[in-house]
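Survey of secondary and tertiary structure
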Amino acid sequence: MKRGGVAGLLLAAGRGARLGTPKALVEYEGERLVDRGVRLLADGGCHPVVVVLGAVTVQVRGAVVVRNPGWATGMGSSLRVGLAALPEQAEAVVVALVDQPLIRPGAVRALIDSGAGLAVATYGGRRRNPVLIAREHFAGVAELAVGDVGARPYLKAHSGLVTEVPCDGHGDPSDIDTPEDLRLLET
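What this report covers is the structure whose coordinates are included nearby. (Residues numbered from 1 in each chain as written. Predicted model: local features only at pLDDT ≥ 70, side-chain atom pairs only at ≥ 80, totals over all residues. Heavy atoms only, no water.)

1. Digging into the layout of surface pockets
Roughly 1,200 Å³ of internal volume is contained in the largest pocket. M75, L97, D99, D148 and G150 are, among the 38 residues lining the largest pocket, the residues nearest its centre. For the lining of the largest pocket, the secondary-structure elements that each account for two or more residues are α2 (75–85), β6 (92–97), β8 (126–134) and α5 (152–157). Considered class by class, the residues forming the lining of the largest pocket number 18 nonpolar, eight polar and 12 charged. Estimates place the volume of the second largest pocket at around 160 Å³. In terms of lining residues, the second largest pocket is bounded by 14 residues, among which R36, L40, P101, I103 and R104 are the most central. Ranked by residue count, the leading element in the lining of the second largest pocket is helix α1 (residues 33–43), at five residues. Taken together, the residues of the lining of the second largest pocket sort by class into eight nonpolar, two polar and four charged. (1 Å grid on protein atoms, 1.4 Å probe; cavity = no way out; pocket = protein on both sides within 12 Å on 5 of 7 lines; lining within 4 Å. Points joined across faces, edges and corners; volume = space filled by probe spheres on them. Helix = DSSP H or I, 4+ residues; strand = E, 2+ residues; numbered from the N terminus. Nonpolar A, V, L, I, M, F, W, Y, C, P; charged D, E, K, R; others polar.)

2. Quick notes on the side chain of D99
Within the secondary structure layout, D99 lies in the loop between β6 and α3 (105–113). Owing to a relative accessible area of 8%, D99 belongs among the buried residues under this scheme. A distance of 2.8 Å separates a polar atom in the side chain of D99 from a polar atom in the side chain of K23. When sequence neighbours within four positions are dropped, the list of residues in contact with D99 reads K23, L33, S174, D175, I176 and D177. (Buried < 20%, exposed > 50% of the residue type's maximum accessible area, 1.4 Å probe, protein only. Polar contact = N/O pair within 3.5 Å; in protein donor to acceptor, adjacent residues only side chain to side chain. Contact = heavy atoms within 4.5 Å.)

3. Let's talk about the environment of E143
In this structure, E143 sits in helix α4 (residues 138–144). Looking at E143, the relative accessible area reads 63%, which means it is exposed. When the C-alpha atoms of E143 and V6 are compared, they prove to be 21 Å apart, with 137 residues separating the residues in sequence.

4. Thoughts on the sheet that holds β8
Strand order in this open sheet of seven strands is β5-β4-β1-β6-β8-β7-β9, and the pairing throughout is mixed. Whereas interior strands pair on both sides, the edge strands pair on one side only; in this sheet they are β5 (64–67) and β9 (162–166). Between one strand and the next, the sheet's axes are offset by a mean angle of 25 degrees, whatever the strand orientation. Strand direction decides the pairing type here: β6 and β8, joined by four bridges, are antiparallel. Residue pairing across strands places V94 opposite L132, the latter belonging to β8. Of the strands in this sheet, β1 (6–11), β4 (49–53), β5 and β6 are in contact with α2, which crosses β1 at around 150 degrees. Packed onto the sheet, α3 meets β1, β6, β7 (118–123), β8 and β9 and runs at close to 55 degrees relative to β8. (Pairing = 2+ DSSP bridges. Axes fitted to C-alpha atoms, helices over the stretch in contact; angles between N-to-C directions.)

5. Quick notes on the nonpolar core
Counting 40 residues, the largest nonpolar core has L10, V34, L41, C46, V51, V94 and L132 as the members making the most contacts within it. Those elements that provide at least two residues to this core are β1, α1, β4, β6, α3, β7, β8 and α6 (179–186). The contact partners of V94, leaving out residues within four places of it in the chain, are V6, A7, G8, L9, L41, C46, V108, L111, I112, P130, V131 and L132. Core analysis: the next-biggest nonpolar cluster, separate from the first, contains 26 residues, L86, L118, V131 and I133 among them. (Core = buried A, V, L, I, M, F, W, Y, C linked by side-chain atoms within 4.5 Å.)

So, in structure tokens, the structure goes:
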């Protein structure tokens, strides 16, 4: 089943405590992570792309920026703010994290093309990001997104509805949490 009206949601509100700087501002291969994330979602077929910021506020081209005043409480509040900011015509959303710069647009396209209501990218058989959430699940996801967890509790509670989408050929889900993680990606 081909799906239309899929928005993108990039969670980029944290301060990057272990990294020492907000991840949205980190540059990798000459591009800020926030801009790479927007490009990932747009090139993967998402429109519009919404970026949730918090610890810092910056201009982001090609995206609708929303601020999460409760960003310090964790990823859950950013996911709730982002879901609430999506336009009504969005049938679904692909949620990506700002700190995974090696994921390629093919992963986003694969999630959209799955036609699933809940879909999770897998790498080496392990569930990672990004994830696709259809509108009928937004309220349930938002209700369980508390503290520093996003959609995982909802996906676990509804595991029978989740489609795993193999994305091994569409990049690497390694994330940047520490200066050492960044050094490893740059080598």
